[in-house]
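Chain by chain, the residues run as shown.
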Amino acid sequence: MNGGIQPIKRRFCPAALIILFAVGCSFSTGKQEYEEGILAYGKGAYQEAANHFAAAIEENGDRAEYYLYYGFALTELGSYDAAVENFSKVILQKDFTSVQENNKRAYRGMGIAHYLAGNEERALENFYAALQVPLLVEMDEDIRSYLIQVNASLLERYRVAGELERARELCDELLSSYGESADLFRMRADLWMEEENYEAALTDFDAAVAAGDSRMSTLLGKLMALKALGRKEEADAVSAKIATMQPDNDDEVFAGALAAYSIGDYDTAKPALERLSLGGMLRADYYLAQIAILQQNYTQAVGYLRKLEEAGAKDAEFYYQMAVCLVHGGQYAEAEKYYGKLLDLGDASYARRQEKLYIVLLEKQGRYAQALERMEKYIKDYVTQQDEEYEEAQKEYEFLKRIQSE
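No experiment lies behind these values; they were computed from the predicted model shown. (Residues numbered from 1 in each chain as written. Predicted model: local features only at pLDDT ≥ 70, side-chain atom pairs only at ≥ 80, totals over all residues. Heavy atoms only, no water.)

Draft legend 1. Layout of the overall build of the chain. Along the chain, the regular secondary structure elements total 22 helices and 0 strands. Against the globule reference of 22 Å for 406 residues, the chain gives a C-alpha radius of gyration of 28 Å, more extended than a compact globule. Summarising its shape, the C-alpha atoms of the chain cover approximately 95 × 55 × 40 Å along the three principal directions. Taking the contacts inside the chain whose residues are at least 6 apart along the sequence as the reference set, 54% of them involve residues at least 24 apart. (Helix = DSSP H or I, 4+ residues; strand = E, 2+ residues; numbered from the N terminus. Rg over C-alpha atoms; globule rule 2.2 N^0.38 Å. Contact = heavy atoms within 4.5 Å.)

Here it is as structure tokens:
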């Protein structure tokens, strides 16, 4: 969701692999099927290629290159588990040069399959294992580029889960391992922005620029950090530079909007997010919903949340926000439906919030006896005299007692 490296699907290089595997195959059983598979693979006919490689293996199950290319074809077809299974059959614990070279190819193949399947940890294990083989060094640059991509994907997963410190630690490790990468500085800057540590974010934005990052989204991030720090003159200079630029893609537009959102500059963030929403970017809908909630435009928020629901949203935060917005919109029956879904999830981290939500829901519907009963339990379970909510909770409790007795 930030403007750093985004996970991408990489295609393999059939020509290079054909050269690597051509020697020593001319008299083997399954040769014809294998060669036809190579031709089909080179044309992008991956299902046809897979069929040929499977036939070659059936004729001769001792050729490592048959399993490797079958794995490559299966990966292209999205059959990642089957691909890993075939790559794993190549791995042998022998010190022969040819065996170790095939091991390296197989580890790389398994890394790619795991990565595309969304299993970053297993992908990293296999890419690192491939680099441990001190042969075919011409493959190492490609493997390292995958390592950056996988770590970026893992970092994004941590960020989305709210594990910002863990994500930053991963950035630190990557910078230590791979040197001063503009993309890594930018990733860490975005994380600092989310934690509202604008000085640290500014340092990393500057480091990214110094390392060659000229993206509009990076300058937008720097601008937002400067604005948050009240450094108007510097912010104006960066703003003037940005005014002469055009974003390269929607990810840059989104990154700039997210930077604005992170410091409460909704007037800047909202128009860009609305354009991205019209283009089908669900990440934009999420932040538009948050802005609408913050601006107390609950009807609009529900509209954006429904788009997320249509796309499959069903986590605790979604159900909670939907219920809250529907309560504010007076749609109590529907709000209770989403409250029920939240309750069914059994997420302990939402226990207090969902209980308070239900009390409000009962009160709005005039079910004061039930609301009073739940309020007594709420105060007993969650509210102490040191709690910042103590005074408000007591007032609400007294109100419910009074209205119940009237």
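Draft legend 2. Inspection of the confidence of the model for the chain at higher detail. Overall, the prediction assigns the chain a mean pLDDT of 84, with 92% of residues at 70 or greater. The secondary structure element of the chain with the lowest average pLDDT is helix 1 (residues 14-22), at 40, and the one with the highest is helix 17 (residues 298-310), at 95. Confidence drops under a pLDDT of 50 for residues 1-27, and excluding neighbours within four residues, the segment shows 65 contacts in the predicted structure. (pLDDT = per-residue confidence, 0-100.)

Draft legend 3. Structural context of the nonpolar core. The biggest cluster of nonpolar side chains holds 72 residues, and the ones touching the most others in it are Leu273 and Met375. The leading source of residues in this core is helix 18 (residues 316-328), at 10 residues. Leaving out residues up to four positions away in the same chain, Met375 has contacts with Ile359, Ala393, Glu396, Tyr397 and Leu400. (Core = buried A, V, L, I, M, F, W, Y, C linked by side-chain atoms within 4.5 Å. Buried < 20%, exposed > 50% of the residue type's maximum accessible area, 1.4 Å probe, protein only.)

Draft legend 4. Expanded view of unusual backbone geometry. Its identity as a non-glycine residue notwithstanding, Leu136 has a phi of 45°, on the positive side. Even without being a glycine, Glu196 presents a positive backbone phi close to 60°. Of note, Glu196 is situated in the loop between helix 10 (182-194) and helix 11 (198-210). Residue class for Glu196 comes out exposed when judged on its relative accessible area of 53%.

Draft legend 5. Structural context of the packing of helix 11 against helix 12 (residues 216-228). Relative to each other, helix 11 and helix 12 sit at 150°, their axes nearing to 9 Å. When the interaxial angle is binned, helix 11 and helix 12 end up roughly antiparallel. The chirality of how helix 11 crosses helix 12 is left-handed. Contacts between helix 11 and helix 12 involve Tyr198, Leu202, Phe205, Asp206, Ala208 and Val209 on the former and, on the latter, Thr218, Leu219, Gly221, Lys222, Ala225, Leu226 and Ala228. Its residues assigned to classes, the contact of helix 11 with helix 12 comprises 9 nonpolar, 2 polar and 2 charged. (Axes fitted to C-alpha atoms, helices over the stretch in contact; angles between N-to-C directions. Parallel < 35°, antiparallel > 145°, perpendicular 65-115°, else oblique. Left-handed = near helix turned anticlockwise from the far one by under 90°. Nonpolar A, V, L, I, M, F, W, Y, C, P; charged D, E, K, R; others polar.)

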